[in-house]
Amino acid sequence: MAESAAGNSTTAAFLPYGRQSVTDEDIGAVAEVLRGDWLTTGPAVTRFEADLAEHTGGVPAVAVTSGTAALHVAYAAAGIKPGDEVVASPMTFVATAATAALHGAKVVFADVEPDTGNLSVEAASAAVTDRTKVVAAVDYAGHPAELDTLSRVAHEAGALLLEDAAHSVGGSWQGRPVGSIADLTTFSFFPTKNLTTAEGGAVVTADADLLRRAQAFRNHGLVRDKTAQRYPDEGPWHQEVHEFGLNYRLPDVLCALGSSQLSRLGEFKKRRAEIHARYNTAFADLDGVLTPPSREGADPVWHLYPLRVREGRRRALFEHLRGRGIGVQVNYIPAYWHPVFEDLGYRRGLCPNAEAYYEQELSLPLFPSLTDADVDRVVEGVRGFFGA
Ligand SMILES: *Cc1c(COP(=O)(O)O)cnc(C)c1O
């Protein structure tokens, strides 16, 4: 991730795989907050949460300091504790699994669909047990997972569905917006994502109890509601902690950037779709690669363009493109390949589809300010490699 952020500040000739779009209006919105009274815990936070809810079908949001914090908060809201099991997709950034492990959960990786890279319904069904508390799906590359079916699988097991929607804010599944389907949905606003607050994230849930627990965990677990306090007569200053929490509050300064960015989410989505379609067309006749599919019922926000490179040539193409100033990336090594999971006993071979997907995956540059000429440069780089 640090690499991608660094990529954002290098010379114009280098194309990163992702980068932010920041306008003078965004800068103005941030400056206005900096001149005001509330740098944090103020009205810009409430506004950003309300603005986000306009993109989740009205489901409330809790702004936090990162997508990782959002996952940590979501698992806390779900009451994850040592001994619980969390069924998770391995085709993700490590945080989806790491934050569950930090609560003491045993992460059970279930394989993905070979074409979309999203959590397989069959694999998730086979992985749940009576200890499963959460099924964690990821909308890989911005293409929503089979959220309705996964929701049923989770609920039948007495578990909640958590949707890591770090890639897919603004998308929908079967006509329902991301954020309105899973029990808990998390977003990331890292600069490479669909909108940015520099660092930031959010937890979205329609369940009043999960929402209250998420809000509490974000703010040290502090209980301010007198009717909920054990010692309400202590004094007007009194707030008390019933369960441990952390400080994951997203400041007003960054929430103002988020609200300003959100007003262009539709534009970002449209441009991302255009670039995605341009790549698809350009590679349609190329034997050496597979282009990303789209399922019926999915309205993706293409965060990544995951090209799949056949015949073991992914690394060579990666180096070929990097050598031409094209900042391709690989998303992701299966989460359990990280030594921290290996040391816990997880072995390669666990999720063959995820491993096969990883072996071929190459993320091409995709961000709203990429020009058609930039896209054509990437296309020529790829086609040139195959002598096409
Ligand atoms: C980016 C990302 C995260 C973590 O978000 P941060 O804001 O970088 O902490 C989690 N899951 C997925 C799938 C991501 O892409």
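What you see is a predicted model; the values in this text were computed from it and never measured.

A. Representation of empty space enclosed by the protein in the model. Per the stated rule, a full pass over the model turns up two cavities of 30 Å³ or more. In this model, the largest cavity occupies a volume close to 50 Å³. Together, Asp115, Thr116, Tyr140, Ala141, His143, Pro292, Pro293, Trp302, Pro306 and Tyr357 line the largest cavity. Here the lining of the largest cavity is built from residues that sort into seven nonpolar, two polar and one charged. The residue makeup of the lining of the largest cavity includes at least three contributed by each of domain 1 (24–262) and domain 2 (265–385). Roughly 40 Å³ of volume is contained in the second largest cavity. Forming the walls of the second largest cavity are Arg19, Gln20, Ser21, Pro191, Lys193, Asn194, Leu195, Thr196, Gln261, Phe268, Arg272 and Pro368. When we break the lining of the second largest cavity down by domain, the ones giving at least three residues each are domain 1 (24–262) and domain 2 (265–385).

B. Summary view of the nonpolar core. Ranked by internal contacts, the top residues of the largest apolar core, which has 71 residues, are Tyr75, Phe109, Tyr279, Phe283, Leu307, Leu364 and Val382. Ranked by residues supplied to this core, first place goes to helix α4 (residues 67–77) with eight residues. When we break this core down by domain, the ones giving at least three residues each are domain 1 (24–262) and domain 2 (265–385). Those residues in contact with Leu307 that sit more than four places away from it in its chain are Phe283, Val289, Leu290, Leu317, Gln360, Glu361, Leu362, Leu364 and Val382. Ranked by size, the runner-up nonpolar core spans 24 residues in total, among them Phe48, Val59, Ala202 and Leu250.

C. Spotlight on the packing of helix α2 (residues 24–35) against helix α9 (residues 252–262). Viewed as axis vectors pointing N to C, α2 and α9 meet at an angle of 150°, and their least axial separation amounts to 8 Å. Classified by the interaxial angle, the pair formed by α2 and α9 is roughly antiparallel. Considering how the two elements wind past one another, α2 and α9 form a crossing that is right-handed. Residues Glu25, Asp26, Ala29, Val30, Val33 and Leu34 of α2 touch α9, and the partners they reach there are Asp252, Val253, Ala256, Leu257, Ser260 and Gln261.

D. Layout of the sheet that holds strand β9 (residues 201–204). Spatial strand order, β1-β9-β8-β5-β4-β2-β3: seven strands in an open sheet with mixed pairing. Two strands lie at the open edges of the sheet, namely β1 (61–64) and β3 (106–109), each paired on one side alone. Taking each pair of neighbouring strands and ignoring which way they run, the sheet shows an average axis angle of 20°. Its contacts with the sheet place α4 against β1, β2 (85–88), β4 (132–138), β5 (160–164), β8 (184–188) and β9, and it is angled at close to 165° to β8.

E. Structural detail: the site of the ligand. Around the ligand sit 16 residues in total, of which Gly67, Thr68, Asp164, Ser188 and Lys193 are the nearest. With respect to the ligand, the side chain of Asp164 contributes an N or O atom lying 2.8 Å from a nitrogen atom. In the model, an oxygen atom of the ligand is placed 2.9 Å from a nitrogen or oxygen of the Lys193 side chain. The dominant element in the shell around the ligand, judged by the number of residues it contributes, is α4, at three residues. Across the shell around the ligand, the residue classes tally to six nonpolar, eight polar and two charged.

F. Spotlight on the layout of surface pockets. Taken as a whole, the largest pocket spans an internal volume of roughly 830 Å³. Lining the largest pocket are 30 residues, with Arg212, Gln215, Ala216, Phe217 and Leu222 sitting closest to its centre. Of all the secondary-structure elements, those providing two or more residues to the lining of the largest pocket are α3 (43–53), α4, α8 (208–218) and β10 (222–223). When its residues are assigned to classes, the lining of the largest pocket shows 12 nonpolar, nine polar and nine charged.

G. The arrangement of the UniProt feature "active site" (unreviewed entry) in the protein chain in detail. Those residues carrying the UniProt feature "active site" (unreviewed entry) are Lys193 in this numbering. Along the chain, the position of Lys193 falls in the loop between β8 and β9. Owing to a relative accessible area of 9%, Lys193 belongs among the buried residues under this scheme.

H. Spotlight on the pattern of salt bridges. In this structure the tally under the stated criterion is 19 salt bridges. Glu113 is paired through a salt bridge with Arg295; the nearest N and O atoms lie 3.1 Å apart. A residue pair is termed long-range when its members are at least 10 positions apart, and Glu113 in the loop between β3 and α6 (121–127) and Arg295 in the loop between β12 (289–290) and β13 (298–299) qualify at 182 residues. Arg213 is the salt-bridge partner of Glu243, the closest N and O atoms lying 3.1 Å from each other. One end of the pair, Glu243, is in the loop between β11 (240–241) and α9; the other, Arg213, is in helix α8, and 30 residues separate them in sequence. Exposure remark for Glu243: the relative accessible area of 48% places this residue in the partly exposed category.

I. Representation of the packing of helix α11 (residues 314–322) against helix α14 (residues 372–385). Interhelical geometry of α11 versus α14 gives an angle of 135° and a closest axis separation of 10 Å. The angle between the axes of α11 and α14 places the two elements in the oblique class. Crossing hand, α11 versus α14: right-handed. Seen from α11, the contacting residues are Ala316, Leu317, His320 and Leu321; seen from α14, they are Val378, Gly381, Val382 and Phe385. For the contact of α11 with α14, a count of residues per class yields six nonpolar, two polar and no charged.

Rules of the game
Residues numbered from 1 in each chain as written. Predicted model: local features only at pLDDT ≥ 70, side-chain atom pairs only at ≥ 80, totals over all residues. Heavy atoms only, no water. 1 Å grid on protein atoms, 1.4 Å probe; cavity = no way out; pocket = protein on both sides within 12 Å on 5 of 7 lines; lining within 4 Å. Points joined across faces, edges and corners; volume = space filled by probe spheres on them. Nonpolar A, V, L, I, M, F, W, Y, C, P; charged D, E, K, R; others polar. Domains from an automatic or database assignment. Core = buried A, V, L, I, M, F, W, Y, C linked by side-chain atoms within 4.5 Å. Buried < 20%, exposed > 50% of the residue type's maximum accessible area, 1.4 Å probe, protein only. Helix = DSSP H or I, 4+ residues; strand = E, 2+ residues; numbered from the N terminus. Contact = heavy atoms within 4.5 Å. Axes fitted to C-alpha atoms, helices over the stretch in contact; angles between N-to-C directions. Parallel < 35°, antiparallel > 145°, perpendicular 65-115°, else oblique. Left-handed = near helix turned anticlockwise from the far one by under 90°. Pairing = 2+ DSSP bridges. Near = heavy atom within 4 Å. Polar contact = N/O pair within 3.5 Å; in protein donor to acceptor, adjacent residues only side chain to side chain. UniProt positions renumbered as here; feature names shortened; annotations may be inferred. Salt bridge = Lys/Arg side-chain N within 4 Å of Asp/Glu carboxyl O.

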